[in-house]
Amino acid sequence: MPELAEVAYYAKRWDPAQGQVIRRVHAGSKPRFFRHTPAAAFPAGLVGRSYSGARTHGKKLLFAFQGGLWLTGHLGMTGELLLGPPDHAPTTHDHLVLYTPRQALIFRDSRMFGAVRLEESPSGPPPAWLALPPEILSPSFTTARAAAALQRHPRSPLKAFLLDQDWFPGIGNWMADEALYQLHLHPATPSGTVDPAALRKTLRAICQKSMQTIAVDWSDPPPSWLMTHRWKSGGSCPRCRSGLARDTLRGRTACWCPTCQPPTAPAEASNPPKH
Ligand SMILES: [Zn+2]
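All values reported here derive from a predicted model rather than from experimental measurement.

Conventions we followed
- Residues numbered from 1 in each chain as written.
- Predicted model: local features only at pLDDT ≥ 70, side-chain atom pairs only at ≥ 80, totals over all residues.
- Pairing = 2+ DSSP bridges.
- Helix = DSSP H or I, 4+ residues; strand = E, 2+ residues; numbered from the N terminus.
- Axes fitted to C-alpha atoms, helices over the stretch in contact; angles between N-to-C directions.
- Domains from an automatic or database assignment.
- Contact = placed C-beta atoms within 7 Å.
- Nonpolar A, V, L, I, M, F, W, Y, C, P; charged D, E, K, R; others polar.
- Buried ≥ 20, exposed ≤ 12 C-beta atoms within 10 Å, placed from the backbone.
- Parallel < 35°, antiparallel > 145°, perpendicular 65-115°, else oblique.
- Left-handed = near helix turned anticlockwise from the far one by under 90°.

Engineer: An account of the sheet that holds strand S5 (residues 79–84) is needed here, citing residue identities and associated values.
Structural biologist: Read across the sheet, four strands follow the order S1-S6-S7-S5 without closing on themselves; strand pairing throughout is antiparallel. Either end of the sheet is taken by a strand with one partner, and the two such strands are strand S1 (24–27) and S5. Averaged over all pairs of adjacent strands, the angle between their axes in this sheet comes to 10 degrees, without regard to strand direction. Taken together, the six bridges between S5 and strand S7 (residues 104–109) define a ladder with antiparallel strand orientation. Note that in S7 the partner of Leu 83 across the bridge is Leu 105.

Engineer: Break down the environment of Asp 164 for me, citing the residues and quoting the values.
Structural biologist: Structurally, Asp 164 can be placed in the loop between helix H5 (158–161) and helix H6 (173–182). In this structure the C-alpha to C-alpha distance between Asp 164 and Asp 177, which are 13 residues apart in sequence, comes to 14 Å.

Engineer: Break down the domain arrangement of the protein chain for me, with residues and values.
Structural biologist: In terms of domains, the protein chain is made up of domain 1 (4–130) and domain 2 (143–269). Averaged C-alpha coordinates put domain 1 and domain 2 at centres separated by 31 Å. Facing the eight residues of domain 1 at the interface are 11 residues of domain 2. Among the elements that line the side of domain 1 that touches domain 2, the one with the most residues is helix H1 (residues 4–11), at five residues. Class assignment of the residues belonging to the side of domain 1 that touches domain 2 gives a composition of four nonpolar, two polar and two charged.

Engineer: Now, about the sheet that holds strand S3 (residues 60–65): what can you tell me, with residues and values included?
Structural biologist: Overall, antiparallel pairing links the four strands, which are arranged S2-S3-S4-S8 in an open sheet. With one partner strand each, in any of the chains shown, strand S2 (51–57) and strand S8 (115–120) form the two edges of the open sheet. Each strand axis lies, on average, 20 degrees off the axis of its neighbour in the sheet, ignoring direction. Taken together, the six bridges between strand S4 (residues 69–74) and S8 define a ladder with antiparallel strand orientation. Paired with Gly 73 across the two strands is Val 116, which belongs to S8. Across the face of the sheet, H1 comes into contact with S2 and S3 while running at roughly 175 degrees to S2.

Engineer: Tell me about unusual backbone geometry, residues and numbers included.
Structural biologist: Negative phi is the rule for most residues except glycine; trans is the rule for most peptide bonds. Of note in the backbone geometry, His 184 takes a positive phi value of approximately 60 degrees without being a glycine. Looking at the element boundaries, His 184 is found in the loop between H6 and helix H7 (196–212). By C-beta crowding, His 184 is classed as partly exposed, having 15 other C-beta atoms within 10 Å. The backbone of Arg 241 shows a phi angle near 70 degrees, a positive value even though the residue is not glycine.

Engineer: How would you summarise the packing of H6 against H7 if you had to cite specific residues and measurements?
Structural biologist: H7 packs onto H6 with a crossing angle of 130 degrees between their chain directions and a minimal axis gap of 10 Å. The pairing of H6 with H7 is recorded here as oblique in orientation. Regarding H6 and H7, the two cross each other, and that crossing is right-handed. For the pair H6 and H7, contact is made by Met 175, Glu 178, Ala 179 and Gln 182 and by Thr 202, Leu 203 and Ile 206, respectively. Its residues assigned to classes, the contact of H6 with H7 comprises four nonpolar, two polar and one charged.

Engineer: Lay out the packing of helix H4 (residues 143–152) against H7 in plain terms, naming residues and giving numbers.
Structural biologist: Taken N-terminus to C-terminus, the directions of H4 and H7 make an angle of 110 degrees; their axes are 8 Å apart at the nearest point. Classified by the angle between their axes, H4 and H7 sit roughly perpendicular to one another. Taken as a pair, H4 and H7 cross one another with a handedness that is right-handed. Contacts between H4 and H7 involve Thr 143, Ala 146, Ala 147 and Leu 150 from the first element and Pro 196, Ala 197, Leu 199 and Arg 200 from the second. Taken together, the residues of the contact of H4 with H7 break down into six nonpolar, one polar and one charged.

As structure tokens, this is what we get:
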């Protein structure tokens, strides 16, 4: 699933079309993809307007068009954005294609968990976009905010909680595993026992490096990261060479080093939450 930096990488793919006028729109027929805005609204709203550019917030996408029209969306599990030639023939997975005289801007999603929405907002980005929670790299993502997050669900396993987009926008499965690895914490560590300052610092460092590598040219983060080893069959810890462990935690695959990230001591884990 595309996470923070992968989403940023995809968003830039439409940049060459900035300033180009949308001449034609292909909107597919899959109701799930158009669950927020009916397919017919896309050609009606977009044809004749120029494309101004993209920005991201966590896993969310925002595309600006001339005259205060905004396309918001997310890539879901398998979505991707591509740039094609102006005569691109849509495949069955190309749910939205915007044609300029020089390009085709393609939103492709093989499993249709992605979605788009079209919104008029003449004075700037739509209110819902402006109301999104602070991004991890923003100054508003303070240690106090991290502490408030961790205390919200103190018994929740940290791995599961890090996937909550209301608190940690952009963090997905591999980034959460990376944070746990760099913090030497087992995925099941209760959130309430985690040092908020250390969590904030680690999350920011991971986001920053990901934006400097993956988001720029899809290059790998440093080899000392779990991320660069977890995809290999088997795979071993870059720190201690132990074989990596994998298990399913609340429906998502977790990957960790059993030596560097031992389980929390049972006595500590069974303590009742403090009130
Ligand atoms: Zn290790």
